[in-house]
Amino acid sequence: MLDVILELEQFFEAGGFVMPPLLIVTMLLWYCLGYRFWILKRRGKFGPRELVRQGLRGVNTCPYDLVEEAAMVGAGLVKCRVRDLRRCLDSEFIRYEIEIMRFSPIINTVVIVAPLLGLLGTVNGMIETFNSLADMALFAQSGGIAGGISQALFTTQLGLVVAVPGLLFKSMLDRKQRRIQAELAQIKDLYCSAIHMK
């Protein structure tokens, strides 16, 4: 346990003052990505057409995900025979659309900020390296200039390690978000066309 603490201490020393904000940004990023993954996960087995068909027939099942819940809300509006169904569906579905976009701006910001924090740490490390070089203090340490520069580049590497997987995961979640938005729009269209056909 003591070895782990010492290694963590060396890890934080290698990055300098940038490490605590970078750690906070990393935890924030993965919390937001995890939340979005959970919300955007489609657990139900039915597509929009089948959900609307079940809703119009009055079949009540427990909703497994956000899309199925939205279809049940739409079915409730149809049963109530509201006057302007499209407007009512839009106002009811807006909360689902807000929910599937939650934390997306934060993720975008963190993916941009993480490499910049890493770059800030590198610039700070290079300044310290050149200051030590000017005082000739760096030559007394093991590793010399190369050791100082490698320590300075550590934070840039860490910033990219945070940002690149976050960016890939974000693009996958954005695809899921677009698919769910399309399904919600299809449910609204199907309910409205079913009312006009009656």
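Cut-off values and rules
- Residues numbered from 1 in each chain as written.
- Predicted model: local features only at pLDDT ≥ 70, side-chain atom pairs only at ≥ 80, totals over all residues.
- Heavy atoms only, no water.
- Salt bridge = Lys/Arg side-chain N within 4 Å of Asp/Glu carboxyl O.
- Helix = DSSP H or I, 4+ residues; strand = E, 2+ residues; numbered from the N terminus.
- Buried < 20%, exposed > 50% of the residue type's maximum accessible area, 1.4 Å probe, protein only.
- Contact = heavy atoms within 4.5 Å.

Participant: Before we move on, could you go through the pattern of salt bridges and cite the residues and values that matter?
Facilitator: All chains considered together, the criterion is met by 11 salt bridges. The shortest N-O distance in the salt bridge between Arg42 and Glu183 comes to 3.0 Å. Note that Arg42 is positioned in the loop between helix H2 (19-40) and helix H3 (48-57) and Glu183 in helix H7 (residues 144-197), a separation of 141 residues in sequence. What makes Arg42 partly exposed here is its relative accessible area of 21%. For Glu183, a relative accessible area of 13% puts it in the buried group.

Participant: Tell me what's going on with the environment of Ala163, and back it up with residues and numbers.
Facilitator: Structurally, Ala163 is set in helix H7. Sequence spacing of Ala163 and Pro115 is 48 residues, and the spatial spacing of their C-alpha atoms is 6.5 Å.

Participant: Could you give an account of the environment of Ser193, naming the residues involved and the relevant values?
Facilitator: Along the polypeptide, Ser193 turns up in helix H7. Ser193 gets classed as partly exposed once you look at its relative accessible area, which sits at 33%. In this structure, the C-alpha to C-alpha distance between Ser193 and Arg86, residues 107 residues apart in sequence, is 10.0 Å.

Participant: Just give me the short version of the environment of Arg86, but keep the residues and values in it.
Facilitator: Tracing the chain through its elements places Arg86 in helix H5 (residues 85-101). When its relative accessible area of 32% is taken as the criterion, Arg86 is described as partly exposed. The spatial distance from the C-alpha of Arg86 to the C-alpha of Tyr191 is 8.6 Å, given a sequence separation of 105 residues. Once residues lying within four places of it in the same chain are set aside, the contact partners of Arg86 are Lys188, Asp189 and Cys192.

Honestly, it's all geometry; don't read function into it.
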